[in-house]
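Architecture at a glance
Residues per chain are reported as follows:
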Amino acid sequence: MLGRPELAALGAPFAALVALGLSLAREPDVDVDVDLDRVRALEGDEVELTVTLRGEGLVELALALPREIEPIDGMSAFAFRLGRPETLRVRARCARWGVYALDEATVRAHDRFGLCTWEGRRAGQLRLKVFPRPELLRDPLAPLETQATGGNHVARAAGDGIEFADLRAYAPGDRVRAINWRATARRGELWVNQMHPERNADVVLFLDTFTEAARYGAGGTLDYGVRAAAALAAQYLEHRDRVGLVSFGGILNWLVPASGIVQRYRIVDALLDTEIVLNYAWKDVEIIPRGTLPPKALVLALTPLLDERAVATLLDLRARGFDLTVIEISPVPYVTAAPGRAEAVAYRLWLMRREVLRSRFRRVGVPIVEWREGTPAAAVVEEVRAWRRVHRFARG
Amino acid sequence: MATRPPVRARIGTGAAALAPAAALAVAAALGAGSWTWPIAGAALAGLAVAVAALVLGRAGLVGPALILLAVGYGARLVSLDPGLDGRTPLAAAELVATAELAYLSIALRLPVAQARALVGSRAVFAVLEALGAGVVAAVVLAAAGLPSAGGAGGDAVGVVAAAVVLGLVALLSRDSR
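Residues numbered from 1 in each chain as written. Chains lettered and ligands numbered in written order. Predicted model: local features only at pLDDT ≥ 70, side-chain atom pairs only at ≥ 80, totals over all residues.

1. Topic: the overall build of chain A
Within chain A, the secondary structure is distributed over seven helices and 21 strands. Looking at chain A as a whole, 32% of its 396 residues qualify as buried. Across chain A, contacts joining residues at least 24 apart in sequence account for 74% of those joining residues at least 6 apart. (Helix = DSSP H or I, 4+ residues; strand = E, 2+ residues; numbered from the N terminus. Buried ≥ 20, exposed ≤ 12 C-beta atoms within 10 Å, placed from the backbone. Contact = placed C-beta atoms within 7 Å.)

What follows is the structure, given as structure tokens:
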């Protein structure tokens, strides 16, 4: 129309590129294999993913790593010009406990001219279990009552054992080796030593999962509760105690007390599945299966004391005579007062209500200690022990 | 081994994309016979949009930049005297080089690890495409310069060209199913 063939010459290369590109484009056959160096890891550990790609052409691969699994060099997307199989190794750090699918990926292939793109998504099948890193806890809290079978706790009752308990007059049937010769010589008649036997205990970890206080992108009270529960379970199981778990929240999960390494894995697996499930239904101690809470069991409650249902259940357990200790995973560090006078007053009222709640537990003889971020578990256990020493007569 | 895309490669390909665009814009602005200011304005606006696309990393701006550059160059052609402009193959090559290298530079902004050799080969392929574009433009220009005597020869060329276009359309429609 304008009589300038140069304009056609200017547009012709673009038309030729489109025609050539579209005519040569073929759907690519790209195969992606993802492998993990292990299926279990601890928080903070590094894992290695091996990705093998087979196919042809320019291929981009984006690994859909969960936020809690951080690539060491920050890269989770890669581009290759495939011809022969390419193997890629990605190291990642496990930042938080949980169960993760690490082989989810999006693969995008381009034709030679970059005109056509094919995209495919690989569903996750490989599961990585990241266990919480256990807290160092040398000497766990001893229960008030022990069970009948042998263990590492010194029982309050007298019997065969190592720890000296008392002296008493000889009775027929007593063993000769039990005779206290010094006392016998002083009193002129046979006296024997009484010992405290070593027994095991039943420990039930009561994890409150109704609600949590958390910071976005960082952990919250549930994280701490799970870590603490894992650490306590490991320690008690090492002391040959039977340990059970009650995850009391929107969904009730429980494990009947048992001992041994298998129980440890069961507990950690159950803890990994722990999550906050919103539920408004009233729940109390009646819904917990009877065998989960054996008589004379030490119940260690890990709770942020944010839900009335958990508080009522714990007080009910105490009323039923259970040896209860409350470890309060404090939500206070995660909450700040909003600006304004009224908000500051509301914040102070909230803190006061929490203090009143603690005093309710103390009044009924339940030791309650606050566990804040950064406090070692040993310090928390020692605080409970000190509370018990001071209040042992009040318990009755 | 794949590594983080180097900043130098991104800046290098960006500069390589802007060089032909600048050359095209300046040629259009300086070579205009009449309507100098509108032509220069369109060409320089195209250059500015290309710069913005590369600085902001917005691939969507590359297309408008190319259109403005092509409009500037086309307006210059219209403003000139009749007769073929021998610089057209160079202009076509510059446009294709600008497009390919600009898209490559923007793609290198993404946090995608890739081997350095891959970046190099993609840049080389972009340059080869630009050269090919120049050749295609030259062929079209040469065909346009042939004496249009008409007759059976001209008709035969037209029939063959139409058959090629139809075959290409059929090929493309078959692949798209």
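2. What about the overall build of chain B?
Across its full length, chain B holds six helices and one strand. Listed N to C, the secondary structure of chain B is α-α-α-α-β-α-α in terms of helices and strands. Residue burial in chain B is summarised as follows: out of 177 residues, 38% are buried. Restricting the contact set of chain B to residue pairs at least 6 apart, pairs at least 24 apart contribute 78%.

3. Quick notes on the sheet that holds strand β19 (residues 298-303) of chain A
Residue and element names in this part refer to chain A. Read across the open sheet, the six strands follow the order β18-β17-β16-β19-β20-β21; overall the sheet is mixed. Looking at strand neighbours, the two that pair on one side only are β18 (253-258) and β21 (368-371), the edges of this open sheet. On average, each strand axis in the sheet is tilted by 20° relative to the strand beside it, whichever way the strands run. Pairing of strand β16 (residues 202-209) with strand β17 (residues 242-249) involves eight bridges; the strand directions are parallel. In the sheet register, valine 203 faces β17, and the bridge partner there is valine 243. (Pairing = 2+ DSSP bridges. Axes fitted to C-alpha atoms, helices over the stretch in contact; angles between N-to-C directions.)

4. Let's talk about the interface of chain A and chain B
When the parts of a complex come together, some accessible area is lost, and that lost area is often taken as the interface size. The partner chain B presents 32 residues to the 24 residues of chain A that form the contact. For the side of chain A that touches chain B, the elements supplying multiple residues, two or more each, are α1 (5-24) and β6 (77-82) of chain A. Take the side of chain A that touches chain B: its biggest share by element is 13 residues, from α1(A). A per-class count over the side of chain A that touches chain B returns 18 nonpolar, two polar and four charged. Where β6(A) and strand β1 (residues 112-114) of chain B come together, three bridges link them in parallel fashion. Bridged to Ala79(A) within β1(B) is Gln114(B). (Nonpolar A, V, L, I, M, F, W, Y, C, P; charged D, E, K, R; others polar.)

5. Let's talk about the sheet that holds strand β5 (residues 69-71) of chain A
Residues and elements named next belong to chain A. Spatially, four strands are ordered β1-β3-β7-β5 in an open sheet, and the strand pairing comes out antiparallel. Each edge of the open sheet carries a strand with a single partner, namely β1 (31-36) and β5. Going across the sheet, the axis of each strand differs from the next one's by a mean of 30°, ignoring polarity. The pairing of strand β3 (residues 46-54) with strand β7 (residues 86-94) spans eight bridges and is antiparallel. Across the sheet, residue glutamate 48 finds its bridge partner in β7, namely arginine 91.

6. Considerations on the pairing of strand β9 (residues 105-110) of chain A
Residues and elements named next belong to chain A. Pairing between strand β4 (residues 57-63) and β9: six bridges, direction antiparallel. Note on β9: the bridge partner recorded for glutamate 60 is arginine 108. Where β9 lies against strand β10 (residues 117-122), six bridges are found, and the strand directions are antiparallel. Opposite alanine 105, over in β10, you have arginine 122 as the bridge partner. In this antiparallel pair of consecutive strands, β9 and β10, the connection spans six residues, and glycine 114 shows a positive phi of 70°.

7. Focus: the pairing of β19(A)
Each regular strand displays side chains that alternate between the two surfaces of the sheet. Residue and element names in this part refer to chain A. For β19, the buried fraction is high: six of the six residues fall into the buried class. Of the two faces of β19, the one holding Leu298, Leu300 and Leu302 and the one holding Val299, Ala301 and Thr303 are both buried throughout. Inspection of the sheet shows β16 paired to β19 by five bridges, in the parallel sense. Bridge pairing in β19 links leucine 207 to leucine 302. Sheet analysis places β19 next to strand β20 (residues 323-329), joined by six bridges and oriented parallel. Counted as the bridge partner of alanine 301 is valine 326 from β20.

8. Structural notes on the packing of helix α1 (residues 7-30) of chain B against helix α3 (residues 62-79) of chain B
Residues and elements named next belong to chain B. One can describe the packing of α1 onto α3 by two numbers: an axis separation of 9 Å at closest approach and a directional angle of 30°. What the angle tells us is that α1 and α3 run roughly parallel. Of the two elements, α1 crosses α3, and the hand of that crossing is left-handed. Mapping the contact onto sequence places Ala21, Leu24, Ala25 and Ala28 in α1 and Leu69, Gly72, Tyr73 and Arg76 in α3. Classifying every residue of the contact of α1 with α3 by side-chain character gives six nonpolar, one polar and one charged. (Parallel < 35°, antiparallel > 145°, perpendicular 65-115°, else oblique. Left-handed = near helix turned anticlockwise from the far one by under 90°.)

9. Concerning the packing of α1(A) against α3(B)
For the pair α1(A) and α3(B), interaxial distance at closest approach is 9 Å and the crossing angle is 160°. The orientation of α1(A) with respect to α3(B), classified from their angle, is roughly antiparallel. The element α1(A) and its partner α3(B) pack so that their crossing is right-handed. Facing Glu6(A), Leu7(A) and Leu10(A) of α1(A), the residues of α3(B) in contact are Ala70(B), Tyr73(B), Gly74(B) and Leu77(B).

10. Re unusual backbone geometry
Located in the positive-phi region is Arg240(A), a residue other than glycine, with phi close to 65°. In this fold, Arg240(A) is placed in the loop between α3 (221-238) and β17.

11. Thoughts on the confidence of the model for chain B
For chain B, the mean per-residue pLDDT works out to 81, and 84% of the residues sit at or above 70. Between the elements of chain B, mean pLDDT differs from a low of 71, seen in helix α6 (residues 151-175) of chain B, to a high of 90, seen in helix α4 (residues 88-107) of chain B. (pLDDT = per-residue confidence, 0-100.)

12. Describing α4(B)
An ideal rise of 1.5 Å per residue puts 28 Å on 20 residues; α4(B) measures up with 29 Å between its terminal C-alpha atoms. Of all 20 residues that make up α4(B), 18 are buried, and the element is covered over most of its length. (Expected span 1.5 Å × (residues − 1).)

13. Examining helix α6 (residues 341-363) of chain A
In this model α6(A) runs 33 Å from its N-terminal to its C-terminal C-alpha over 23 residues, within 8% of the 33 Å that 1.5 Å per residue would give. Of all 23 residues in α6(A), one are buried; the element is thus mostly exposed.

14. Here we look at the confidence of the model for chain A
On average, residues of chain A score 85 in pLDDT, and 97% of them reach the 70 mark or higher. Across chain A, β19(A) holds the top mean pLDDT of 93, while strand β12 (residues 150-154) of chain A sits lowest at 71.

15. Quick word on the environment of Arg360(A)
All names here are of chain A. In this fold, arginine 360 is placed in helix α6. You can call arginine 360 partly exposed: it has 13 C-beta atoms within 10 Å. With 49 residues separating them in the primary sequence, arginine 360 and valine 311 have C-alpha atoms 9.9 Å apart.

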